[in-house]
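Tertiary structure, described
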Amino acid sequence: MCLSFALGEILKALMDVSIQGFFLLPLIMGVLIYYRFKRNTGYALAFILVMICFLLGNSRYSKVQNDISQYELIPDGKEVSYSGTVDKIIEKEKSVYLYIDNMLITVRKELYNCQAVVNDYVLICGNIRHFDSARNKGNFDENAYYHSLGITGKIEAASFEIISRNNSVVYRYARRMKERFLYATDKIWNRDYLGMINAMTVGDRELIDDEAKEDYQIAGISHILVVSGIHLSIIGLSVYKLLRKRFRYLVSTAVSSSVMIIFAVITGGSVSVKRALIMYFVGLLARITGRSYDLLSSLALAFLILAYSNPFIIYNTGFLLSVCAIVGIALGSIVWDKGVVVLIVIQIFTLPMIMYSYYEISTYSIISNFAILPLVSVLLLSGYISGFVFLITGCMWLAKVASIPGHIVLKFYDLFISIIKKLPYNQVVTGKPELRYVILFYLVLIIFILAIANVKKAAFKIIFALIISVITVVFVRAAPDRGLYISVIDVGQGDCILIHSDDYVYMIDCGSSSEKEVYRYYVSSCLKAHGIEKIDMLFLTHMDTDHINGVSEMMREGMVECLVMPDICKMDDSYNELVDLAWHERFNVKTISAGTVINDGSIKLSCVNPVKNDMCEDVNELSVVLRMDCGNFSALFTGDLGSETEKNLLKDLDKVDFLKVGHHGSKYSTSAELLDVIRPEYAVISVGKKNFYGHPNRETIERLEAAGSKILRTDELGEIMIKISPSGKAEVESD
């Protein structure tokens, strides 16, 4: 039923097929099956239930999708008033996020002058702001993320007012408890560990620095920093077992259940926590009624409840990873109910989802989790006990004593992570696999695991296990994009062009004047999604900020093998700083000028500008211009070259298939004379939305149209990928 509900959603999401009109189909089919199997009406009943779940999934997804479509028709920036009940509050450094019904309200700290709590009824006046979709392959998709949380849209608040207060004792007690607990941890814990203990105990991640997050991710244990089912299980079972020593079953169950509900409220009630809470109560119900507890059936019920509430939950990475982990536990237990085997199956089962969501894997994650997970309960209990000891007794030294086990565990984590970071290949960039291959992998994996469970001879079990290992390795290696392609990455008002072949990877520029930390937020994840770990050569056309301000971070991360600079006389501070950084990071530095040819066997790159030691004062006219040739395909990359210098190059140019339009479509570049010579089939403009300069200029567009070029713009399409076949035929893809 769970799978049929999900299939109904997926059919609507991927194929836009709505089948509510066929609501009589399951009844008709059920009757037919009943008459075919009169002695076993279970077939008919099962089929009817499956079809009903399928139809519910399809119709529910259609309903929510329609609501989102109606919201997206509202113009961005429109002034609106909105009232509703607060479901969740997240305080950030400069603003407060209020989740009200199905809307996200962002309130600046200076406007948030009242202490709202969950379930307060509030009135908001502000402006509609549409969520941004991912602009490049692998970039964060704000639109999909918030929809997966059940949020339809966003309002930027101009005024905020509480209409009526929530009188619920639970919510006010939970908030007060969280505030007091954070006050206690601030007094007790070492500054280096405060952020981690706050994140793990009450879900407050504000004090965790980026370096710590990255370290835990490298080790493959970043999931312990997010409150999830593991934390809920440890708390619930610990309280239950403690109470059972003195109280009866009913009292222990009631108190532990209440503690878990309060914990869920305190931590914000993430999707994974809700899933764990539902499964926990199913387990309690099974005990009360004297029935056996089935892990997969409990998971299926939790999935149905959450997916009906929000069909877009199927896009929530945290939820899907928790589902994969639980299925891995269930199937691993079938194979061999031992910790190591189960852990390996969990890692294999979550692998495709990690690759699909994060594009890289931690090579030593199995070892890390085997060493780290058994100590999580010690760390959590130390955190909770020390905090509550201080709050109840006010005795600091006693609270610090209670925190000692937690400090020891965190120091061990630091030591373990430092060892992992020194090991070679601690992270492998896999690229983003296609969804169809992810689904196929899961189908094959389940078949082989069930096959292992049903064979008795150890030799056959080993053979099946080896086959699974080979399939896993092949899947990991098959994910990166293959073949020859050019990708113009959307960096806003700037340039970043990727040229990929099976042997070499080149990049031309990496900068933006409209986006901060352009490499971190736009380029890095895009490269990982394409399966790229290194750039063999990074060409810088000239030293304008919108072409180079992402280069320094890129070099510090060790992404560049060789930096290629224009061979000119006028070398400014930016030029010298990048060269110095390259030498400091021990990268090769080369200079390039007209006449330089780079031939790697599959791609030939010819430089046609600048002339060596050119003394021109205008840095745009000194832009590196590269022509790329591969079989019957050719491309031209012109940097910010102006029309005057373009005329000097005409004698060295001829027809090309692809043109990266100069200077973001400025009217002073891409002259009619140049277009008459090169006649590009595709003309790509890298430009930011609603940019200050008014790029691309209407005159440039008209010249490109007159030349018969197909115009592609990053502000309209996001990342633009041109795939080139061995015969030289180009095919356009956009993110």
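Below: a short report on this structure. (Residues numbered from 1 in each chain as written. Predicted model: local features only at pLDDT ≥ 70, side-chain atom pairs only at ≥ 80, totals over all residues. Heavy atoms only, no water.)

The next point concerns the packing of helix 14 (residues 365-372) against helix 16 (residues 396-422). Between helix 14 and helix 16, whose axes approach to 11 Å, the crossing angle comes to 165°. Classified by the angle their axes make, helix 14 and helix 16 are roughly antiparallel. Along this stretch, helix 14 crosses helix 16, giving a crossing that reads as right-handed. Where helix 14 abuts helix 16, its residues Ile367, Ser368, Ala371 and Ile372 lie against Phe412, Tyr413, Phe416 and Ile420. Residues that form the contact of helix 14 with helix 16 fall into these classes: 7 nonpolar, 1 polar and no charged. (Axes fitted to C-alpha atoms, helices over the stretch in contact; angles between N-to-C directions. Helix = DSSP H or I, 4+ residues; strand = E, 2+ residues; numbered from the N terminus. Parallel < 35°, antiparallel > 145°, perpendicular 65-115°, else oblique. Left-handed = near helix turned anticlockwise from the far one by under 90°. Contact = heavy atoms within 4.5 Å. Nonpolar A, V, L, I, M, F, W, Y, C, P; charged D, E, K, R; others polar.)

This brings us to the sheet that holds strand 1 (residues 79-91). An order of 1-2-3-5-4 is seen for the 5 strands of this closed barrel, with the pairing classed as mixed. Between one strand and the next, the sheet's axes are offset by a mean angle of 55°, whatever the strand orientation. Pairing analysis gives 9 bridges linking strand 4 (residues 121-129) to strand 5 (residues 153-164), with the strands arranged antiparallel. Residue pairing for strand 5: Leu123 is matched across the bridge by Glu161. (Pairing = 2+ DSSP bridges.)

Next up on the list: the pattern of salt bridges. Overall, the coordinates contain 20 salt bridges when judged by the stated rule. In this structure, Asp629 and Arg627 form a salt bridge, with 3.0 Å as the shortest nitrogen-oxygen distance. With a relative accessible area of 12%, Arg627 lands in the buried category. For Glu716, the salt bridge goes to Arg713, with nearest N and O atoms at 3.5 Å. The class of Glu716 is exposed, set by a relative accessible area of 56%. (Salt bridge = Lys/Arg side-chain N within 4 Å of Asp/Glu carboxyl O. Buried < 20%, exposed > 50% of the residue type's maximum accessible area, 1.4 Å probe, protein only.)

We now examine the nonpolar core. The biggest cluster of nonpolar side chains holds 48 residues, and the ones touching the most others in it are Tyr216, Ile224 and Tyr413. Elements represented by at least two residues in this core include exactly helix 5 (169-188), helix 6 (191-202), helix 7 (210-219), helix 8 (229-244), helix 9 (249-266), helix 10 (271-289), helix 15 (376-393) and helix 16. In this view, Ile224 contacts Met200, Tyr216, His231, Ile372, Leu373, Val376 and Tyr413; residues no more than four positions away in its chain are not counted. Core analysis: the second largest hydrophobic core is formed by 36 residues, Val505, Cys510, Val551 and Met721 among them. (Core = buried A, V, L, I, M, F, W, Y, C linked by side-chain atoms within 4.5 Å.)

Evaluated as defined, the whole model comprises 19 aromatic pairs. Counting every residue linked through ring pairs, the aromatic cluster contains Phe131, Phe140, Tyr145 and Tyr146. Over the ring of Tyr99 we find Lys88; its NZ or CZ atom is 5.4 Å from the centre of that ring. Over the face of the ring belonging to Tyr356 we find Lys432, whose NZ or CZ atom lies 4.8 Å from the ring centre. (Phe/Tyr/Trp six-rings, centres within 6.5 Å; stacked < 30°, edge-to-face > 60°. Lys NZ or Arg CZ within 6 Å of the ring centre and 35° of its normal.)

If you trace the backbone, Ser513 turns up in the loop between strand 10 (505-512) and helix 19 (518-529). Each C-alpha atom of the pair Ser513 and Asp546 lies 4.7 Å from the other, and the pair is 33 residues apart in sequence. If we skip the residues at most four places from it in the chain, Ser513 touches Gln493, Asp546 and Tyr693.

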